[in-house]
Every structure is written in structure tokens, then in C-alpha cells.
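Remarks on the overall topology
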Amino acid sequence: MPFIELDTNLPTGRVPAGLEKRLCAAAAAILGKPEDRVNVTVRAGLAVAVNGSVEPCAQLLVSSIGVVGTAEENRGHSARFFEFLTKELGLGQDRIVIRFFPLEPWQIGKKGTVMTFL
């Protein structure tokens with residue numbers, strides 16, 4: 001169950017309509033998870049600095065069980081997320097930062113329990 005959070009200082013009007021749905025589909029393909037298990041949040045118009053600069057930028061947080069736990073996995077994921085984000089947001093790679101966080105099933109609550117028991 002991946003959680004994808006995109007924070008950007010781009011104004012809401014400059015974020016392409018429907019980005020959250022396309023990011024959901026892209027994340028599912030990149031991470032090898034079913035699209036109906038992917039959760040996406042897009043927050044635009046934020047006060048964000050990347051590399052000490054407030055020029056247009058974005059930060060992506062990718063949290064998931066089992067698929068973001070190694071440097072080798074994340075190198076491949078990173079390349080594909082960068083390809084998607086640079087195209088969708090019109091930002092250079094130096095204006096995007098991605099953070100990967102591996103999750104354990106007991107860290108995600110769903111249906112009144114945690115994923116460990118589902």
C-alpha cells in the first residue's frame with residue numbers, strides 16, 4: 001500500500017489538472033503495486049525550498065511496504081519518478097528531491113486494524 005506525497009511551490013494553476021490520478025497510475029507501474037492500493041496527495045502553492053532556493057521545485061515522498069527498502073530498488077524507482085515529474089511539472093531534475101521510506105505492515109492502519117492482520 002504505497003503512499004505518495006508531492007509537495008510543490010508551483011501555484012495550483014500551474015499544476016496540471018488530473019496530476020494526482022496520473023501520479024497514482026505511474027506510481028503503481030513504477031512500484032509494481034495495484035493502482036487501487038496506491039494513495040496520492042498533491043499539495044501545491046506551498047512554501048518550499050530545494051537546495052536553498054525557492055525557485056519552482058517539488059519534493060516527492062514515497063512510502064511503501066516491501067518495495068523501497070534498498071538502494072538498488074530506489075535507484076530504479078528514482079529514475080522513473082524523475083522522468084514522470086520533469087515531464088508533468090516542467091521542472092529540471094535539480095529542482096526535484098525524492099525521499100523513500102520503507103514501511104512495515106504494522107505501521108499502516110486500515111479497516112480498524114493494521115495491515116499485519118489483513
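Look up: the structure comes first, before these words.
If you're wondering where the values come from, they're calculated on a predicted model, not measured in any experiment. Along each chain, numbering runs from 1 in the same order as the chain's sequence is written. Selection of residues for local features in this predicted model requires a pLDDT of at least 70, selection of side-chain atom pairs for listing and counting requires 80 or more, and totals for whole chains, interfaces and linings are taken over all residues. Derived side-chain values reflect all non-hydrogen atoms in the structure, with water molecules and hydrogen atoms excluded from consideration.

I4, L60, V62 and F81 are the most contacted members of the largest nonpolar core, which totals 27 residues. Here a helix means four or more residues in a row that DSSP labels H or I, a strand means two or more in a row labelled E, and each is numbered from the N terminus. If you list the elements that add at least two residues to this core, you get strand 1 (3-8), helix 1 (19-31), strand 3 (58-65), helix 2 (71-89) and strand 4 (96-103). Counting residues per element, this core draws most heavily on helix 1, which supplies eight residues. Only heavy atoms enter the contact rule, under which two residues are in contact if any of them lie within 4.5 Å. Every residue in contact with F81, bar those within four places of it in the chain, is listed here: I4, L23, A27, I30, L31, L60, V62, I98 and F100. To form a nonpolar core, buried Ala, Val, Leu, Ile, Met, Phe, Trp, Tyr and Cys residues must be joined to one another through side-chain atoms within 4.5 Å. Type-normalised accessible area, obtained with a 1.4 Å probe on protein chains alone, sets the label of each residue: buried when under 20%, exposed when over 50%, and partly exposed for intermediate values.

Below, the discussion takes up the pattern of salt bridges. Put simply, a salt bridge is a Lys or Arg side-chain nitrogen that is within 4 Å of an Asp or Glu carboxyl oxygen. One pass over the full model with this rule turns up four salt bridges. Close ionic contact of D7 with R43 constitutes a salt bridge, the shortest N to O distance being 2.6 Å. Taken as a pair, D7 in strand 1 and R43 in strand 2 (residues 39-43) lie far apart in primary sequence, 36 residues in all. According to the relative accessible area criterion, R43 is partly exposed, its value standing at 30%. If you follow the salt bridges from partner to partner, you end up with E5, D7 and R43 in one network.

Everything listed here is a matter of geometry and, on its own, says nothing about what the molecule does.
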